[in-house]
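Letter by letter, the chains look like this.
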Amino acid sequence: MIATPRKISALKFGLLSPDHIRKISEARIVTADTYDEDGYPFDGGLMDPKLGVVDPGLKCKTCGSRVGDCPGHFGHIEFARPVIHIGYAKLIHKVLRSICRSCSRVTLSDETIEMYKERIKRAKKMGQNLDAVIEDVFRTARAAKKCPHCGEERFDIKFDKPSGYIEDGNRLSPTDVRERLEKIPDSDAEVLGFDPEVSRPEWMVLTVLPVPPVTARPSITLESGERSEDDITHKLVDIIRINQRLSENIEAGAPHLIIEDLWELLQYHVTTYFNNEVAGVPPARHRSGRPLKTLTQRLKGKEGRFRSNLSGKRVNFSARTVISPDPNLDINEVGVPEEIAREMTVAVKVNPRNIEYLRRLVLRGPDNYPGANYVERADGRRISLSRVPDLTEVAEKIEPGWVVHRHLRDGDVVLFNRQPSLHRMSIMAHEVKVLPYKTFRLNLCVCPPYNADFDGDEMNLHVIQGEEAIAEAKVLMRVQEQILSPRFGGPIIGGIHDHITGAYLLTKKDARFTKEEVSRIFYAVGYTGDFPKPTVEDGVEYYTGKQIFSVFLPKDLNLSYKAKICKKCEECEEERCPDDAFVVIKGGELVSGVIDERAFGAFAGELLDRIVKDYGTDEARRFLNTLTRLALFAIMKFGFSTGIDDEDLPSDAKERIDEILDSAEEKVSELIEAYESGILEPLPGRTLEETLEMRIMQTLSEARDKTGAVAGEYLGMKNSAVMMAKIGARGSMLNLTQMAACVGQQAVRGERISRGYVGRTLPHFKRGDIGPKAKGFVRTSYKKGQDPLEYFFHAMGGREGLVDTAVRTSQSGYMQRRLINALQDLKVEYDNTVRGADGRIVDIRYGGDGADPSRTDWGNIVNVKKIVDKVVRNRA
Amino acid sequence: MDRKSVLELFLKRRELVKQHIDSYNDFIENRLQNVITETGELMTDVDLAVRFGKIDVGKAEIIEADGSRRKITPSEARLRNMNYFSPIKLEMGLVKIHEDGTREEKDMEWVVIGQMPTMLRSTRCNLYGLSDEELVRNGEDPLDPGGYFIVNGSERMLVTIEDLAPNKIILEKNKGYTKIEEVAKVFSKRGGFRALTTVQRDREGMISVNFPSVPGDLPLIVVMKALGLETDKEIVDSISNDPEIVQKLLENIEENLDIQTTEDAMEVIGKKVAHGQTREYRLKRAEQVIDRYLLPHLGVEPEDRLRKAYYIGRMVERVFELAFNKRNVDDKDHYANKRLRLAGDLLDDLFRVSFYNLVRDIKYQLERQVARGKEPSIQTAVRRDVLTERIRHALATGNWVGGRTGVSQLLDRTTYMAVVSHLRRVISPLSRSQPHFEARDLHSTQFGKICPTETPEGPNCGLVKNLALSTELSTGADAGELDKVLAELKVTPIHKH
């Protein structure tokens, strides 16, 4: 029976009172042994059958349920003498220091107590933390020399770690401590931060110990038939044994010393029972020398109950495998191996309209792909189809009200995730496409948000269970809904690598296609509409790439921006740009400009951005799908490759590069000379040495850039590598510079390489040599190759990068964890304020302007220029 | 220059793991004996003592279940999951001490005290000196480099550990607002004992000395006077003649005017190390502490005190020079300040502790024999498992003495290159969880010694290194030999004027 759900209105934390412990206890535990010779648990032992059942087949003596249903029941141990609860040892100390030794009143005058009560009341009303006030009470009460109530003289009480209290040289026994705490009046306890209703101070000194149910400390039977007890049980055995001896000795009237010793021992066992890692207490050990895992150890740390079991949930209906690319999938789709589809199920309720369909699935059973693994009867009983001998029988029996757990099929909504899940786009909803083979397949456009590549990456898939969840995921988490990043208000999903190159090749100025070629393109993309109007030149009909591209643009789109290849000339010639870098789209027609990274690249696409914002996510998805297919067709038609000879430079280029480097080295030696002769002028705020270093670094980096420019000049846009770098498809001009011209200065922590032998980096140089070569300037290119010294310096610079990445990943992971913990329950309320879980306002308006970054134009709420542009061009 | 032929010649010798084999051989031939000699004589609580003589390690052998002994090849040990160990024989002799104190020394006899793991291709290995054909006949790959051990049939190797050089003064400067500004540190190492001695200068220019077993710091003047330099002149002379430093030294001396004689100084130390004891005992303890725990690498006898004083003087001078910007802090990552601890050094550590355990066990066994009224016998008092088990366990698990883990590793047999690379691996004891940026950097001084390219990515980056291809390691020289050479060069030892 499912109980009616109720709303929890409040939670209150307090201390367990001895009476309460006895009340919840089902058995008083007095025997230290667990099982007798026949293997039956002792009554009154730690495995008392009244404490619950762990053995299958037995019934609980208290509630009559079997294993799994019986939650277990508490028992208790009566201590012969009270014992300090180690978790409260510090607090007890604070309290003892604040109360009178004879009358146990808080050593503050009645007026002050009233004043503090008022402050506490106020703080409570405001929902503030009481710690500050209570800390203040402790501080002032401690200072009193005499009790203002009974006039008794006071001594400072020293805390003797871990659980002793020394007053004026005398050790207070737990009995003394408890007596004093008992005498504190309820009204005084309140000032000390206690709520006497649920936690009286004296309850911090234990007289009764609750014994956890056996279900919380199950014993395991080893292969040999031997029973092995839980660490907690071991510890409880110790406690009972010593407690027993203590009470026997007390009864027998043993000498004071012996009783003290046993008492101390009991304190030790109870302390380690709660926490086996208390400073100053040797940890209790197992026979093998392994420290016992007691209560605190069960909860604490990464492997503890909280972080491992409560925050770290494990889930069903999930799958994980290697990912691989599939450009033919929709960006919304994910290719799922049949093997996984057969294992993962969706629960479908049987109704008159789907009953025939579901019957067919049930009939096919768990092993034939579109089938089902379970059926659930109307009364909730599950039938596993793999165990049913005759599937027809089950198929016959299903009727509305039953539930069929059918295999995953095309179109099911699933969540797809790649760790580390650093932003919300790391988990997105995809539609299933069941495919052969064993990898998850995904469209290349969703690589950037997942930060995925295919060098062995694995991803997780979760099948959503339940209609509401599916609907919610479809609205909020679909890939197409995530095209705009909430980080910077531009698309984070878009074309990459070959998509960009392909689109560029297609829309370049001189790209022309015959009618036949265009037909093939349209076929490949799946376009079925009209052809654009062909251009005629010398009697031959042809189509420009821009025309083909325009076919897929919305007909009322107007847009202009500067492409990635733009050289940022001082005066922009706009449409007449010699590089065709000024993109103008008028009425859905690409008038000028090339399509490159700035059009539809991830993190950069202007055109894509416009389409998502003006035409909606569904249109954007379609656009991205066709555009990438178009681009891939184009790149396949033209053919595209790059190789090491793309970095070949003619000999005069090499000469020019050498000249540049020579003159830079010349300039550096001039700088050094100037420094040595003392005519170098220091830069403001820098020492002479720093100035020299900066100037040298600057000179050398300029020289490297210049060599890069020379290389770029000779390589030109015809060069595949340069093309990719310029249009933003892959690589950068710096990469090319290093490959073709000059690797440049190697640095460690932002400085030229300087550590090493006395006065020099390597013994190959003279002492005091601060020239380029001696400090790690690599003048060769990767293509040419480095000499041993350059190679070594390069390794030094490279090592820093490796260390950085290794150290950073661990550090940023921890930082992320702390940020998540701090921010997880912030939420924008209906009054536009950002508040925490307790209703505390964090921000009056979200971000100060209430704007959702993903709806902004790269962070700006309005882009006036774009609006003007749109209107003006529309008219023109 | 044709580097290729040089390299070919080098590789032809196939001695890529020469360092480990050399180090192991040195350990077996010389250092083992040193351990025994340093241990001295075993005194029991009954009227017995045991003398130790020569130690010798035999060739690898096994003792079959029927008790028979036989030479074993490594491949047999691997296949049968056995140990490739050699017997350790030690000359021992009982000494009976009569009530009047006279000693009756019985004859020395050879006793097998346990087994030592045998490094493959070392002098104690049964493959030593075999030709390629003979190796093949014994089931061994002639190209296998050796340099590892076989424990329970698995191949275990001891990775080289990179350590800060012992017995070397390292200067450090404390950053930020601290009381102590400049520190000179020495990890003084004598045998297996390491004692960190520091000389530090606080913000006021006061120098203090810190060494093990003395809680807190001692003023420089106290230490110097305790070491026998009683006059101010002697102290200053042992440190520096730089007027700036002398000035500061005089300030130090003025601070400690109440301590004049060596005895005064000893009294101060005695109060720290044996507080609340009799004066006589305090002085005795103070002397002991000074001799044993202060810079023990210079000696542990009262005669060595002068040398210690001058050594401290040098440390003080450096600290002042650092304070006056006449000297820079030492670069801890400079490879001159590093020492590589090879298989022999690691086994030395392990054997020392294991042998000490054995000695304690022998003592216990002898006392028991006497208590039971039996005729004491060394042969039965030595339980060889005590030593063997301890060494075997450490090697099999990698849990070394001193709580270090991962010292021995399973030899990586993925490919031949993996084997060679693994045997030439160098690990740094620095924690991998802390950034330690500087220690992970490729240091200029590693040129030619450490491979600049081969280091793992991830948390161990730069802490796990590999020796460069042509690196060979020397095993270190005997200090006595060096003394002789210096004496021949007319270098005179320090003496009091």
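Residues numbered from 1 in each chain as written. Chains lettered and ligands numbered in written order. Predicted model: local features only at pLDDT ≥ 70, side-chain atom pairs only at ≥ 80, totals over all residues.

### Thoughts on the overall build of chain A
This is how the line gets drawn: Secondary structure elements follow DSSP: runs of H or I no shorter than four residues count as helices, runs of E no shorter than two count as strands, and numbering proceeds from the N terminus. Note on burial: count the other C-beta atoms lying within 10 Å of the residue's C-beta; 20 or more is buried, 12 or fewer is exposed, in between is partly exposed, and C-beta positions come from the backbone. Placing C-beta atoms from the backbone, we regard two residues as in contact once those atoms come within 7 Å.
Helix and strand counts for chain A stand at 27 helices and 30 strands. Taken along its principal axes, the extent of the C-alpha atoms in chain A is 120 × 100 × 60 Å. Split into buried and exposed, the 876 residues of chain A put 35% on the buried side. Pairs at least 24 residues apart make up 67% of the contacts formed inside chain A by residues separated by at least 6 positions.

### Structural notes on the packing of helix α20 (residues 606-615) of chain A against helix α21 (residues 617-638) of chain A
All names here are of chain A. In plain terms, the rule: Axis geometry follows a simple rule: fit a line to the C-alpha atoms, using only the stretch in contact for helices, then measure angles between N-to-C directions, giving values from 0 to 180 degrees. All amino acids are sorted into three groups, where Ala, Val, Leu, Ile, Met, Phe, Trp, Tyr, Cys and Pro are nonpolar, Asp, Glu, Lys and Arg are charged, and the leftover types, Gly among them, are polar.
For the pair α20 and α21, the least separation of the axes is 7 Å and the interaxial angle reads 145°. Residues Leu 608, Ile 611, Val 612 and Tyr 615 of α20 lie in contact with α21, whose contacting residues are Thr 617, Glu 619, Ala 620, Phe 623 and Leu 624. Of the residues assigned to the contact of α20 with α21, the class counts are seven nonpolar, one polar and one charged.

### Some words on the sheet that holds strand β3 (residues 164-167) of chain A
Residue and element names in this part refer to chain A. What counts, and what does not: A pair of strands counts as paired when DSSP detects no fewer than two bridges linking them.
Pairing is antiparallel across the open sheet formed by three strands, whose spatial order is β2-β3-β4. Each of the sheet's edge strands pairs with one partner strand only, and the pair in question is β2 (157-160) and β4 (170-172). Averaged over neighbouring strand pairs, the angle between their axes works out to 35° when direction is ignored. Relative to the sheet, helix α2 (residues 89-98) contacts β2 and β3, its axis offset from that of β2 by approximately 170°.

### Considering the sheet that holds strand β28 (residues 827-828) of chain A
Residue and element names in this part refer to chain A. Spatially, the three strands line up as an open sheet ordered β28-β29-β30, and their pairing is antiparallel. Strands at the two margins of the open sheet, each flanked by one partner only, are β28 and β30 (841-843). The pairing of strand β29 (residues 834-835) with β30 spans two bridges and is antiparallel. Across the sheet, residue Arg 835 finds its bridge partner in β30, namely Ile 841.

### Description of the confidence of the model for chain B
All names here are of chain B. Definition in use: pLDDT is defined as a per-residue confidence score from the predictor, taking values between 0 and 100.
Confidence along chain B averages 88 in pLDDT terms, with 99% of residues attaining 70 or more. Averaged pLDDT values over the elements of chain B bottom out at 82 in helix α1 (residues 3-12) and peak at 95 in strand β8 (residues 149-151). The ipTM for the predicted assembly is 0.89, set against a pTM of 0.80.

### A look at the domain arrangement of chain A
The following threshold applies: Domains are outlined according to an automatic or database domain assignment.
Domain boundaries in chain A define domain 1 (85-209), domain 2 (318-482), domain 3 (498-638) and domain 4 (644-803). Once you take the C-alpha centre of each, domain 1 of chain A and domain 2 of chain A turn out to be 61 Å apart.

### As for helix α8 (residues 262-273) of chain B
To keep it simple, the criterion reads: Given the number of residues in a helix, its expected span is that number minus one, multiplied by 1.5 Å.
In this model, α8 of chain B (twelve residues) spans 16 Å end to end at C-alpha, consistent with the 16 Å of a helix rising 1.5 Å per residue. Against the buried residues of α8 of chain B lie β15 (218-219), α5 (220-226) and α9 (279-293) of chain B.

### Overview of the environment of Glu 537 of chain A
With respect to the helices and strands, the residue Glu 537 of chain A is situated in strand β19 (residues 535-537). With 155 residues separating them in the primary sequence, Glu 537 of chain A and Arg 382 of chain A have C-alpha atoms 73 Å apart.

### As for the interface of chain A and chain B
Counting residues at the interface gives 16 residues for chain A, matched by 17 residues for chain B. The greatest single-element share of the side of chain A that touches chain B, amounting to ten residues, is contributed by helix α26 (residues 788-823) of chain A.

### Some details on the pairing of strand β23 (residues 589-592) of chain A
In the case of a regular strand, side chains alternate between the two sheet surfaces. All names here are of chain A. The pairing of strand β22 (residues 582-586) with β23 spans three bridges and is classified as antiparallel. Residue pairing across strands places Ile 585 opposite Leu 590, the latter belonging to β23. Linkage of β22 to β23, two consecutive antiparallel strands, is achieved through a turn of two residues, within which Gly 587 is found at a positive phi near 55°.

### Let's talk about the nonpolar core
As a reminder, the rule being used: In plain words, the nonpolar core is the set of buried Ala, Val, Leu, Ile, Met, Phe, Trp, Tyr and Cys residues that C-beta atoms within 7 Å link up.
Val 336, Ala 503 and Leu 506 of chain A are the most contacted members of the largest nonpolar core, which has 111 residues in total. At nine residues, the largest contribution of residues to this core is made by α21 of chain A. If sequence neighbours within four positions are ignored, Ala 503 of chain A has contacts with Gly 495, Ile 595, Asp 596, Ala 599, Leu 627, Ala 631 and Ala 634 of chain A. Residues Ala 77, Met 116, Ala 394 and Trp 400 of chain B belong to the second largest nonpolar core, which totals 59 residues.

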